[in-house]
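Each chain, written out:
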Amino acid sequence: MKELSLNILDISMNSVKARAGTVSVTLTETDETLEIKIADDGCGMKKELLESVTDPFTTTRTTRKVGLGIPFFKMEAEQTGGFLTVTSKHESEFPESHGTVTTALFYKNHLDFTPLGDIVSTVVTLIQGSPDIRWIFVHKTPRGEISLDTDELKAVLGDVPLSAPDVLVWIGENLKEQYETVGYN
């Protein structure tokens, strides 16, 4: 993919398909590295699927026989000298604590580092597409932290849905303002 924010969108949509109630997207950035962690409380994966999830010919889709999201994410991390890990607990074995965590580490100074891209649009798109899920977004940078928790927004908005156009515009503007405040470009 041309930007990591599209990988985040793709992996987060896996969480939506897994019936997650909460999805957290955490970016932890230093001057040298970018760690992306996507964690959910969805149904999780059984051991057999977890062991083959980075294989492009493993997918749960019935519309096509390949699943490239996680394999591409892994390749993009590894080509910078980083890594990707996926841990998961299936609801059949862990009825109280199931879910999946996908973590990728990238070395930003590597020639093959894929830029983060438009993360604000990605977060807004995720909320728009699945407004009933609790989305927690945190981007820790050397200059400061950007964050958004849709539960906090829902508490203020009451009956106004997160998918309302004015709300989505406000979310995007709020995130952009937070990025500007910490001097992130």
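Since we're looking at a predicted model, the values are computed, not measured.

Participant: Could you clarify how one ought to interpret the nonpolar core in this entry?
Facilitator: Nonpolar side chains tend toward joint burial in soluble globular proteins. The biggest cluster of nonpolar side chains holds 40 residues, and the ones touching the most others in it are Ile-36 and Phe-137. Sort the elements by how many residues they give to this core and helix 4 (residues 119-129) lands first, with 6 residues.

Participant: Before we go on, may I ask you to explain the sheet that holds strand 6 (residues 144-149) in this structure?
Facilitator: Taken together, 6 strands build an open sheet; the order of strands is 3-4-2-1-5-6 and the sheet is mixed. Only two strands of the sheet have a single neighbouring strand rather than two, namely strand 3 (83-89) and strand 6. Within the sheet, the average angular offset between the axes of one strand and its neighbour, ignoring direction, is 5 degrees. The pairing of strand 1 (residues 22-29) with strand 5 (residues 134-141) spans 7 bridges and is classified as parallel. What sits directly across from Val-23, in strand 5, is Trp-135. Each of strand 2 (33-40), strand 3 and strand 4 (99-107) is contacted by helix 3 (residues 69-78), which is oriented at about 30 degrees to strand 4, the strand it contacts most. Set on the sheet, helix 4 makes contact with strand 5 and strand 6; between it and strand 5 the angle comes to about 165 degrees.

The rules behind these values
Residues numbered from 1 in each chain as written. Predicted model: local features only at pLDDT ≥ 70, side-chain atom pairs only at ≥ 80, totals over all residues. Heavy atoms only, no water. Core = buried A, V, L, I, M, F, W, Y, C linked by side-chain atoms within 4.5 Å. Buried < 20%, exposed > 50% of the residue type's maximum accessible area, 1.4 Å probe, protein only. Helix = DSSP H or I, 4+ residues; strand = E, 2+ residues; numbered from the N terminus. Pairing = 2+ DSSP bridges. Axes fitted to C-alpha atoms, helices over the stretch in contact; angles between N-to-C directions. Contact = heavy atoms within 4.5 Å.

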